[in-house]
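Analysis of the macromolecular model
These are the residues of each chain, in order.
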Amino acid sequence: MSSTNSPTTTLPKLTDAEAASAMFQAVRSVAEQSFFAVAEPGDDRSFGVAAAKVPRWLVATVRFEQGPLAGSVSCTLPEALATGLFDAFTGRDPGDPEPKPTLVHDLVGEFSNMVCGAWLTRVESSRTFTLSHPSVEPALKPGVAGDMRLVAAIDDLPVAVDLRLQPLARANGAPRA
Amino acid sequence: MRSAAESFAPELTGARRLVIGIGEFAVSNRPGDVIVTHALGSCIAVCIFDPRAGVAGMLHFMLPEASINPERARQQPGVFADTGIPLLFEAAYQHGLNKRRAIVTLVGGAEMTQQSGASFGTGRRNALAAKNVLWRAGVFVAGQEIGGNDARTLYLSVADGKMEVHNGQTYKEL
Amino acid sequence: MRILIVDDSAMMRAMIKRVIKLADVPVDAILEASNGAEGLELLKKHDVQLLLTDINMPVMTGAEMLREISMDERWRGLSRVIISTDGSTVRREEAADLDVRCYLEKPFSPEVLRDVLNELADNDLAETD
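On a predicted model such as this, the values are computed, not experimentally measured, just so you know. Numbering of residues starts from 1 in every chain and runs along the sequence as written. Just so you know, chain letters begin at A and ligand numbers begin at 1, following the order they were written in. In view of the model being predicted, local features appear only for residues whose pLDDT reaches at least 70, and side-chain atom pairs are presented and counted only at 80 or more, with totals across whole chains, interfaces and linings using the full set of residues.

1. Remarks on the overall build of chain C
Applied cut-off: Only runs of H or I of at least four residues qualify as helices and only runs of E of at least two qualify as strands under DSSP, and these elements are numbered from the N terminus. In this setup the radius of gyration rests on C-alpha atoms only. A globule is expected at 2.2 Å times the number of residues raised to 0.38. Partly exposed residues are those falling between the two cut-offs: more than 12 but fewer than 20 other C-beta atoms within 10 Å of their own, whereas 20 or more means buried and 12 or fewer means exposed, with C-beta atoms placed from the backbone. Remark: residues whose backbone-derived C-beta atoms lie within 7 Å of one another are considered to be in contact.
Scanning chain C from terminus to terminus reveals 5 helices and 5 strands. For chain C, the succession of helices and strands along the chain, N to C, is β-α-β-α-β-α-β-α-β-α. A compact globule built from 129 residues would reach a C-alpha radius of gyration of about 14 Å, and chain C, at 13 Å, matches this within 12%. Dimensions along the principal axes, computed over C-alpha positions, put chain C at roughly 35 × 30 × 25 Å. Within the span of chain C, comprising 129 residues, buried residues form 41% of the whole. A fraction of 62% describes how many contacts in chain C between residues 6 or more apart in sequence connect residues 24 or more apart.

2. Looking at the sheet that holds strand β7 (residues 143–146) of chain B
Residue and element names in this part refer to chain B. Heads up, the rule is: For two strands to be treated as a pair, DSSP must find at least two bridges joining them. Only the stretch in contact is used when a helix axis is fitted, and all axes are lines through C-alpha atoms; the angle between N-to-C directions ranges over 0 to 180 degrees.
What the 5 strands build is an open sheet, ordered β2-β5-β4-β6-β7; its pairing is mixed. Unpaired on one side and paired on the other, β2 (24–28) and β7 mark the two borders of the sheet. The mean inter-strand angle of the sheet, taken between neighbouring strand axes irrespective of direction, is 10°. Sheet topology note: the strand β4 (residues 44–50)/strand β5 (residues 55–61) ladder contains 7 bridges and is antiparallel.

3. Observations regarding the interface of chain B and chain A
Selection rule: Classification used: nonpolar for Ala, Val, Leu, Ile, Met, Phe, Trp, Tyr, Cys and Pro, charged for Asp, Glu, Lys and Arg, polar for all others including Gly.
Listed by partner, the interface residues are 9 residues for chain B and 8 residues for chain A. Each residue belonging to the side of chain B that touches chain A can be placed in one class, and the counts come to 2 nonpolar, 3 polar and 4 charged.

4. A closer look at the interface of chain A and chain C
Facing 25 residues of chain A, the contacting portion of chain C comprises 21 residues. Mapped onto the side of chain A that touches chain C, the elements with two or more residues apiece are α1 (16–35), α3 (79–90), α4 (101–123) and β5 (130–131) of chain A. Along the lines of polarity and charge, the residues of the side of chain A that touches chain C split into 8 nonpolar, 14 polar and 3 charged.

5. Regarding the confidence of the model for chain C
Residue and element names in this part refer to chain C. The condition is simple: Values of pLDDT, ranging from 0 to 100, describe the predictor's confidence in every residue of the model.
Looking at chain C as a whole, the pLDDT averages 93, with 95% of positions reaching at least 70. Confidence, read as mean pLDDT per element, is least for helix α5 (residues 110–128) in chain C (82) and greatest for strand β3 (residues 50–53) (98). Both confidence scores are given for the complex: pTM 0.91, ipTM 0.92.

6. What to know about the sheet that holds strand β8 (residues 152–157) of chain B
All names here are of chain B. Taken in spatial order, the 5 strands line up as β1-β3-β8-β9-β10 in an open sheet, and their pairing is mixed. Each edge of the open sheet is held by one strand with a lone partner, namely β1 (17–20) and β10 (171–173). Direction aside, the axes of adjacent strands within the sheet are offset by 20° on average. Relative to strand β9 (residues 163–166), β8 runs antiparallel, the two sharing 4 bridges. Counted as the bridge partner of Thr153 is His166 from β9.

7. Things to note about the confidence of the model for chain B
In the predicted model, chain B carries a mean pLDDT of 90, and the fraction of residues at 70 or more is 89%. Note that pLDDT drops below 50 for residues 1–12 of chain B; the model gives that stretch 16 contacts with residues more than four away or on any other chain.

8. Quick word on the nonpolar core
Just so we agree on the cut-off: Note on terminology: a nonpolar core is any set of buried Ala, Val, Leu, Ile, Met, Phe, Trp, Tyr and Cys residues joined through C-beta atoms within 7 Å.
Formed by 135 residues in total, the largest nonpolar core has its most connected members in Met23, Val27 and Val115 of chain A together with Val46 of chain B. In terms of residue count, α4 of chain A provides more of this core than any other element does, 11 residues in total. Not counting chain neighbours up to four residues away, the residues in contact with Val115 of chain A comprise Ala26, Val27, Val30, Val73, Cys75 and Val161 of chain A.

9. Remarks on the pairing of β5 of chain B
Within β5 of chain B, 7 of the 7 residues are buried, which leaves the element mostly enclosed by the surrounding structure. Alternating positions in β5 of chain B separate into two faces, Val55, Gly57, Leu59 and Phe61 of chain B on one and Ala56, Met58 and His60 of chain B on the other, with burial throughout.

10. Concerning the environment of Thr83 of chain A
The topology assignment puts Thr83 of chain A in helix α3. Separated by 24 residues in the primary sequence, Thr83 of chain A and Leu107 of chain A have C-alpha atoms spaced 9.0 Å apart.

11. Let's talk about helix α5 (residues 122–136) of chain B
Residues three or four positions apart in an α-helix share a direction because the helix packs 3.6 residues into each turn. Residue and element names in this part refer to chain B. What counts, and what does not: Helix span, as expected, comes to 1.5 Å for every residue beyond the first.
With 15 residues, α5 should cover 21 Å at 1.5 Å per step; its first-to-last C-alpha distance of 21 Å lies within 8% of that length. With 13 of its 15 residues buried, α5 lies for the most part within the structure. Of the residues one or two after α5, Gly138 is the one with positive phi, at around 80°.

12. Description of unusual backbone geometry
That bond from Lys106 of chain C to Pro107 of chain C is cis: its omega, 0°, falls within 30 degrees of zero. Position of Pro107 of chain C relative to the elements: it lies in the loop between β5 (102–105) and α5. Positioned with a positive phi, Phe36 of chain A is a non-glycine residue whose angle comes to about 50°. Mapped onto the elements, Phe36 of chain A comes out in the loop between α1 and β2 (39–41). Phi is positive for Asp156 of chain A, which is not a glycine, with a value near 65°. By the element assignment, Asp156 of chain A lies in the loop between β7 (148–154) and β8 (157–165). By C-beta crowding, Asp156 of chain A is classed as exposed, having 11 other C-beta atoms within 10 Å.

13. Concerning the environment of Ile85 of chain B
Residues and elements named next belong to chain B. Position of Ile85 among the secondary structure elements: in helix α4 (residues 81–94). Judged by the 27 C-beta atoms lying within 10 Å of it, Ile85 falls in the buried class. Remark: the alpha-carbon pair of Ile85 and Cys47, spanning 38 residues in sequence, is separated by 9.9 Å. Excluding residues within four positions of it along the chain, Ile85 makes contact with Val46, Leu59, Ala130, Val133 and Leu134.

14. With respect to the packing of α1 of chain A against α4 of chain A
Residue and element names in this part refer to chain A. How we decide: When an angle is under 35 degrees it counts as roughly parallel; over 145 it counts as roughly antiparallel; between 65 and 115 it counts as roughly perpendicular; any other value is oblique. Handedness of a crossing follows from how the near helix is turned relative to the far one, being left-handed for an anticlockwise turn of less than a right angle and right-handed for a clockwise one.
At a minimum axis separation of 8 Å, α1 and α4 run at an interaxial angle of 135°. By the angle between their axes, α1 is oblique relative to α4. In this structure, α1 crosses over α4, and the sense of that crossing is right-handed. Contacts from Ala19, Ala22, Met23, Gln25, Ala26, Val27, Ser29, Val30 and Ser34 in α1 reach Phe111, Met114, Val115, Ala118, Trp119, Arg122 and Val123 in α4. Its residues assigned to classes, the contact of α1 with α4 comprises 12 nonpolar, 3 polar and 1 charged.

Below, the structure is given as structure tokens:
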């Protein structure tokens, strides 16, 4: 389901496996409830095979702060999936004009926003958090994995969710060791 | 406890029992009719009812999208959610159903495990596909009896839109 | 009823608007804003009965906007609903202190929002009877 680049990744109260599981549950709940899309867990090998067939991607990143925890969540998904999610979310009729790229980017940003928020609420429900406005960029392939990468399939298309954490000392404003 | 057969007893009322199978749908505005479908495993039954027009309908579909098998979709559009649900509504409109008054219920979508113990997740996919199609059509889902691991039998009364679900062990009224 | 939707995602506003239009809720107008500051400006210009707002937004958050609203008598009758990804207990408690009537956590299905709208409309009708 996921790979963790940094063996020293620390999340308050959670092991990496718990954090990854919470992230998948967040992805699944967002995909199913708001986008009527099927989310299935993936593995690195099948993700790699599926990703090689995808010509264009969108990467939506949301930065967060939750108490001492700060970082970002990036959702990387195929452009074809993004337009499918757009249609599902908005109820767009196939006969309607194609949506402008800016609207699709907005939608992908909101997807990432919901995944990040749903994950943070699962990780630490007693703490509130702040989220940045999402930034969305096109890409030709998935980038380097974050501190934790979850790979999954949404509507049978490959998706990667990367969590990047700021060092706790830096997040607290203390001098870096 | 009354059985489903006793609850909806066409022998007593003289009404029709309209039995539908996979890929089929039925619509009626005859108050005594009962629409029935059996062996709802991973399939979904989409039930619609307009209380003012007195119209009820049911579709029993098996797969989420016609693109899975376009040839079969041409021959049996009711097998797929995206081609079957519009047909159900079209037939219901001809009987006087009003979309904004339609009460829509989804039943089925069980996860039927294979002998190996694995599940294809078809039940979940079907449920999501039905919700997707309905949302695109601007129709809310009023209720659902979805999931689990047991096949269901479903009875829909045209007179009042009431439903009874039987999973082999228990009955449940919706 | 005039409704104001405040969310920094245009697509989320569009989805909420679609649910409102499909639901059996008597609506005269639906206004939109992309952050709390824009929301306040619209509230000052228009007589709004129902506010649906996100929390995390640039320029001014939904929480900051709601605090401003709660300090102003002219908006005492305004029904407030939060629609946010933040489902933390802290945020929910804060919402209760700001006279928020309903807290809807994202993600949500269209039916859940429809039910919230119907309940608010029914309660408002009951209060005016």
